[in-house]
Amino acid sequence: MSKTPITSPAKRKTTIADLISKKVIDSQEALVHALKREGIIVTQATASRDLVELGAYRGKDKSGVTRYLLPAEQFSSTKPDLLLSAKASGNLAVLRTPPGGAQLLASSLDHSDLVSLLGTIAGDDTVLAVASTSQGGARLIKEIQDFLGGSRVKSARSTQQKRR
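Every chain's residues receive numbers from 1 upward, in the order its sequence appears when written. Only residues with pLDDT of at least 70 are given local features in this predicted model, and only at 80 or more are side-chain atom pairs given and counted; all residues enter the totals for whole chains, interfaces and linings. By convention in this description, side-chain values take in all heavy atoms of the structure and omit both hydrogens and water.

1. Observations regarding the pairing of strand β6 (residues 126-131)
Between any two strands, at least two bridges found by DSSP are needed for them to pair. Secondary structure elements are taken from DSSP: a helix is a run of H or I of four residues or more, a strand is a run of E of two residues or more, and numbering for both begins at the N terminus. Inspection of the sheet shows strand β4 (residues 92-96) paired to β6 by 5 bridges, in the antiparallel sense. Residue A93 lies in a different strand from β6, and its bridge partner there is A129. The turn linking strand β5 (residues 117-122) back onto β6 is made up of 3 residues.

2. Quick look at the environment of Q44
Checked against the element boundaries, Q44 lands in helix α3 (residues 44-54). Spatially, the C-alpha atom of Q44 lies 10.0 Å from that of S27, the residues being 17 residues apart in sequence. Residues are treated as being in contact if the distance between any of their heavy atoms lies within 4.5 Å. Ignoring sequence-local partners within four residues, the contact set of Q44 consists of Q28 and V32.

3. Description of the nonpolar core
The tendency in soluble globular proteins is for nonpolar side chains to be buried side by side. Within the largest apolar cluster, 22 residues are counted, with the highest numbers of intra-cluster contacts made by L95, L105, L109, A129, L140 and I144. Sequence-distant contacts of A129, that is, excluding residues within four places in its chain, are made with N91, L92, A93, L95, L117, G119, T120, L140 and I144. As used in this record, nonpolar core signifies buried Ala, Val, Leu, Ile, Met, Phe, Trp, Tyr and Cys residues forming a set joined through side-chain atoms within 4.5 Å. For the exposure calls, accessible area comes from a 1.4 Å probe over protein chains only, and a residue counts as buried if that area is under 20% of its type's maximum, exposed if over 50%, partly exposed in between.

4. Re the side chain of S116
The topology assignment puts S116 in the loop between α5 (102-110) and β5. What makes S116 buried here is its relative accessible area of 4%.

5. Thoughts on the confidence of the model for the protein
Averaged over the protein, the pLDDT score is 82; the fraction of residues at 70 or greater is 80%. Of the regions scoring below 50 in pLDDT, residues 157-164 engages in 8 contacts with residues more than four places distant in sequence or in other chains. Predictor confidence is given residue by residue as pLDDT, running from a minimum of 0 to a maximum of 100.

6. Describing the pattern of salt bridges
Opposite charge on two side chains permits them to pair, given that their charged atoms come into close proximity. Salt bridges, as used here, are contacts in which a Lys or Arg side-chain nitrogen is within 4 Å of a carboxyl oxygen on Asp or Glu. Counting across every chain of the model gives 6 salt bridges. With a closest N to O distance of 3.0 Å, K22 and D18 form a salt bridge. Residue K22 and its partner D18 are both found in helix α1 (residues 9-22); the two are separated by 4 residues, about one turn of the helix. Given a relative accessible area of 64%, K22 falls into the exposed group. Given the relative accessible area of 37%, D18 is considered partly exposed. Between D146 and K142 there is a salt bridge; the shortest N-O distance is 2.8 Å. Here D146 pairs with K142, and both are found in helix α6 (residues 137-147), just 4 residues apart, close to one helical turn. Accessibility expressed as a relative area gives 45% for D146, which makes it partly exposed.

7. Points about the packing of helix α2 (residues 28-37) against α3
For the pair α2 and α3, interaxial distance at closest approach is 9 Å and the crossing angle is 105°. Taken together, α2 and α3 sit at an angle that is classed as roughly perpendicular. Contacts between α2 and α3 involve Q28, L31 and V32 on the former and, on the latter, Q44, A47, S48 and L51. Only the contacting stretch of a helix is used when fitting its axis, a line to C-alpha atoms as for every element, and angles between N-to-C directions run 0 to 180 degrees. Any angle that falls under 35 degrees is termed roughly parallel, while one over 145 is termed roughly antiparallel, one within 65 to 115 roughly perpendicular, and all others oblique.

Below, the structure written as structure tokens:
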């Protein structure tokens, strides 16, 4: 007896998140095949769109295997070592990460409930975080450090305060 195709986008995304969390899904093609085994028929374009909407990205898991990860899944095991330094200037916070860590940190911050955060822009090893108030960069760094579990990073006060 064949499974009935699931058409609900919410159910499909829940299934994708479950698959990514439990299996090594290393490509969109692998995801399409895994979904098919679950009775969900999608195109690669739909799978790609769903991955973006879930915030999934390709990265290395705890074992060093490259695969799709969800922000919270990878973030929980790497956050103590993710933020190397932080500097504030006005409403901006410049956050340094190990190479390749910026997108993970930015995505995790964007999906957090940080009150002072408007949004982030990520490069390879640098995140620019924008605070919601004109001089809120230093406060935002404190919130980020608390969010990361009180990580011990080099933190410089705002560049304006440093020069005085």
